[in-house]
Amino acid sequence: MSIEPVRRVATPISSLPNPAPAVSTLTDAPPAITNQMLVGREVSLSGKITGCDRLQVEGKVEATLLECSTINVASPGVFNGTATVDNADISGRFEGTLTVRKRLLIRESGKVSGTIRYGQLEVACGGQLSGDIGAES
């Protein structure tokens, strides 16, 4: 049995079909969310969180959340504490005081309990909501 050596051939990029477009400038890039925080699975965090545009919870958070636009609690994430946000999307569990100025979405696997205030409320079939619940004035 004989083994032939591997031959490598370089092909100029200009001769490839549909070459990749030139690198875009910063002005072409979509605006990035710079102040976002991810609490990953198997991560626990406690304290006070301020000034983030978006908080994604996949682990466990025990905190006060202020000056944040959006909170997402993914399944199996857990948030215990107080949060005041514009929008909330809950697939995991939220326990405590939640004030949502705009839209609160509780998905099929979401469980929200405590003192809850909201601008708009949407609860998917299977989602759970309990406690002192009312529309934000």
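Refer to the structure printed above.
Residues numbered from 1 in each chain as written. Predicted model: local features only at pLDDT ≥ 70, side-chain atom pairs only at ≥ 80, totals over all residues. Heavy atoms only, no water.

Undergrad: Account for the overall build of the protein, with residues named and values stated.
TA: Broken down by element type, the protein carries zero helices and nine strands. When the helices and strands of the protein are listed from N to C terminus, the series reads β-β-β-β-β-β-β-β-β. By residue count, 31% of the 137 residues in the protein fall in the buried class. Taking as baseline every contact in the protein between residues at least 6 positions apart, the subset at least 24 positions apart corresponds to 3%. (Helix = DSSP H or I, 4+ residues; strand = E, 2+ residues; numbered from the N terminus. Buried < 20%, exposed > 50% of the residue type's maximum accessible area, 1.4 Å probe, protein only. Contact = heavy atoms within 4.5 Å.)

Undergrad: Residues and numbers for unusual backbone geometry, please.
TA: Along the chain, S75 connects to P76 via a cis peptide bond; the corresponding omega equals 10°. One can find P76 in the loop between β5 (70–73) and β6 (78–90). Look at E67: it is not a glycine, yet its phi comes out positive at around 55°. Tracing the backbone through its elements, the reader meets E67 in the loop between β4 (60–66) and β5.

Undergrad: Tell me about the packing of aromatic side chains, and please be specific about residues and values.
TA: The geometry of two aromatic rings is summed up by the distance between their centres and the angle between their planes. Taken as a whole, this structure holds one aromatic pair when the rule is applied. Geometrically, the ring pair formed by F79 and F94 is stacked, given 5.1 Å between the ring centres and 5° between the ring planes. Pair noted here: F79 is in strand β6 and F94 is in strand β7 (residues 93–106), with a separation of 15 residues, a long-range link. (Phe/Tyr/Trp six-rings, centres within 6.5 Å; stacked < 30°, edge-to-face > 60°.)

Undergrad: Requested: an account of the pattern of salt bridges, with residues and values cited.
TA: When charged atoms on two side chains of opposite charge get close, those side chains can pair. Summed over all chains, the structure comprises five salt bridges. Between R101 and D86 there is a salt bridge; the shortest N-O distance is 2.8 Å. Of this pair, R101 sits in strand β7 while D86 is found in strand β6, placing the two residues 15 residues apart along the sequence. A salt bridge links E95 to R93; its shortest N-O distance comes to 2.8 Å. Using a relative accessible area of 30% as the deciding quantity, one classes E95 as partly exposed. On the basis of relative accessibility, which here comes to 36%, the residue R93 falls in the partly exposed class. (Salt bridge = Lys/Arg side-chain N within 4 Å of Asp/Glu carboxyl O.)

Undergrad: Tell me about the side chain of S91, and please be specific about residues and values.
TA: Within the element layout of this structure, S91 appears in the loop between β6 and β7. Here S91 falls in the buried class, since its relative accessible area comes to 16%. Ignoring any residue separated from it by four or fewer positions in sequence, one finds S91 in contact with V73, A74, S75, R107, S109 and G110.

Undergrad: Would you mind going over the pairing of strand β8 (residues 111–123) in detail, with residue names and values included?
TA: As defined by bridge partners, β7 adjoins β8 across twelve bridges and the pair is classed as parallel. Opposite R103, over in β8, you have Q120 as the bridge partner. Across eight bridges, β8 lies against strand β9 (residues 128–135) in parallel orientation. Directly across from V112, in β9, lies its bridge partner L129. (Pairing = 2+ DSSP bridges.)

Undergrad: Before we move on, can you summarise the side chain of Q56 with the specific residues and values?
TA: For Q56, the position within the fold is in strand β3 (residues 54–57). Residue Q56 is classed as buried on the basis of its relative accessible area, which comes to 12%. At 3.3 Å, the side chain of Q56 forms a polar contact with the side chain of N72. (Polar contact = N/O pair within 3.5 Å; in protein donor to acceptor, adjacent residues only side chain to side chain.)

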